[in-house]
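Close look at the chain arrangement
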Amino acid sequence: MNKLLAGLMSVLCISGVAQAQSNDWPTQKTIKMIAVFPPGGSVDQVARILAPALQNQLKQNVIVENIGGASGSIGAAAVAKAQPDGYTFGVVFDTHGVNENMIPKLPYNTKTDLTTVTMIGTAPMVLTASKASGITSFKQLLADAKAKKGNNYGSIGTGSLGHLALASLAKDAKFDWTHVPYRGGGPLMQDALAGHVPLAIGSLFLVKPHVDAGGVIPLAVTTSKRSPEMPNVPTIAESGYPNFEAPAWWAIIAPAKTPAAIVNRMHEEVAKALKNPEIAQRLKSQGIEIAALGPKPAQDFVNKQIDIWGAFIKANNIKATD
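Let us look at the structure shown here. (Residues numbered from 1 in each chain as written. Predicted model: local features only at pLDDT ≥ 70, side-chain atom pairs only at ≥ 80, totals over all residues. Heavy atoms only, no water.)

**Structural notes on the environment of T30**
With respect to the helices, strands and loops of the structure, T30 is situated in the loop between α1 (2-24) and β1 (31-35). Each C-alpha atom of the pair T30 and D307 lies 35 Å from the other, and the pair is 277 residues apart in sequence. If sequence neighbours within four positions are ignored, T30 has contacts with Q60, N61, I63 and Y87. (Helix = DSSP H or I, 4+ residues; strand = E, 2+ residues; numbered from the N terminus. Contact = heavy atoms within 4.5 Å.)

Here's what the structure looks like:
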């Protein structure tokens, strides 16, 4: 009986602490948003677009901290290890749904050590060519590939959706393409602009400014339909691979034991920010279709991504060192 009472008191105590945290949030201290890729990439940009709006809405300082590396897993690990008090969140990319099956000895379990607050939205990825490559169209690239001409393509990292999407295409079509991983969108685009890597795949959010400036040539998008932001760029699906579809996506995460009341409130605030016309237009202009999925559907989406790409990784024996 004494053990039962002690256990009940412990549960009530924990519940009371969580309730107190929820009632006080977010008045206690600065909120940290960890962008899990380096500055210059889409994750960093999304975080820095949202942070000022959230700061204004919550009447609390919101800072962005970049913790990049290992396809976003180092930053996600920092979120998983943080106090679940509602003052640490993470902004993640589609690699978040891949790392569980890609990275050996990952220091957290994506499904159980983290919780998804909001699935922000999706966007096409764009396959681009450097001006130095001499490639000006996807049709030309396919002709080269079918003629057994090898090529290198860069992505934001091993296991990124860009990497896996093109690895899938290359395997199915028997193209001799070699993957070149980078530590994020910023470094990838620097080398693409300099001509150090002939092909680069990144989210429309990441590459559109460089396309608009004439720095790289857009060849194809990875969604099943053309992007309104790049209506003249064909889809891979319409170019002979009708079942091909691989959109990029962004989400906000928190430590798994963050009180549900705080997770729900943060989602509400993010959803409110995403309805702000200025923010919505900034994201839309970069190709992001806003979804603003709440905690339950967002977590279901992430879990499905983990399962889909986990099966592909295992079936094709893709390793983190590829």
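**Here's the deal with the sheet that holds strand β4 (residues 114-123)**
Taken in spatial order, the six strands line up as β2-β1-β3-β10-β4-β11 in an open sheet, and their pairing is mixed. Each edge of the open sheet is held by one strand with a lone partner, namely β2 (62-66) and β11 (289-293). Adjacent strand axes in the sheet meet at a mean angle of 20 degrees, parallel and antiparallel pairs treated alike. Pairing between strand β3 (residues 88-92) and strand β10 (residues 248-255): three bridges, direction antiparallel. Paired with V92 across the two strands is A251, which belongs to β10. Docked against the sheet, helix α3 (residues 73-81) engages β1, β3, β4 and β10, running at close to 30 degrees with respect to β10. (Pairing = 2+ DSSP bridges. Axes fitted to C-alpha atoms, helices over the stretch in contact; angles between N-to-C directions.)

**A few points about the sheet that holds strand β9 (residues 216-221)**
The five strands are arranged β7-β6-β8-β5-β9 in an open sheet whose pairing can be described as mixed. Two strands lie at the open edges of the sheet, namely β7 (177-181) and β9, each paired on one side alone. Shown here is a sheet whose adjacent strand axes are inclined to one another by a mean of 30 degrees, direction ignored. As paired strands, strand β6 (residues 151-155) and β7 are joined by five bridges and run parallel to one another. In the sheet register, N151 faces β7, and the bridge partner there is W177. Where helix α5 (residues 138-146) meets the sheet, it contacts β5 (125-130), β6, β7, β8 (199-203) and β9, and its direction lies at approximately 80 degrees from that of β9.

**As for the packing of helix α2 (residues 42-58) against helix α10 (residues 277-285)**
Where α2 meets α10, the axes come as close as 11 Å, and the angle between the chain directions of the two elements is 175 degrees. One finds that α2 runs roughly antiparallel with respect to α10. Within the contact between the two elements, α2 uses V46, I49, L50 and A53 and α10 uses I279, R282 and L283. Classifying every residue of the contact of α2 with α10 gives six nonpolar, no polar and one charged. (Parallel < 35°, antiparallel > 145°, perpendicular 65-115°, else oblique. Nonpolar A, V, L, I, M, F, W, Y, C, P; charged D, E, K, R; others polar.)

**A look at empty space enclosed by the protein**
One pass over the structure, following the stated rule, counts two cavities of 30 Å³ or more. For the largest cavity, the calculated volume is near 100 Å³. In this structure, the largest cavity is lined by 17 residues; those nearest its centre are S42, F93, I156, S203 and L206. Elements supplying a minimum of two residues to the lining of the largest cavity: α2, α6 (161-173) and β8. (1 Å grid on protein atoms, 1.4 Å probe; cavity = no way out; pocket = protein on both sides within 12 Å on 5 of 7 lines; lining within 4 Å. Points joined across faces, edges and corners; volume = space filled by probe spheres on them.)

**A look at the packing of α6 against helix α11 (residues 295-315)**
The N-to-C vectors of α6 and α11 enclose an angle of 55 degrees; their axes lie 12 Å apart at closest approach. One way to sum up the angle between α6 and α11 is to call them oblique. The hand of the α6/α11 crossing is left-handed. Counted together, L161, L164, A167 and S168 of α6 and W309, F312 and I313 of α11 form the full contact between these two elements. (Left-handed = near helix turned anticlockwise from the far one by under 90°.)

In short, geometric facts, not functional conclusions.
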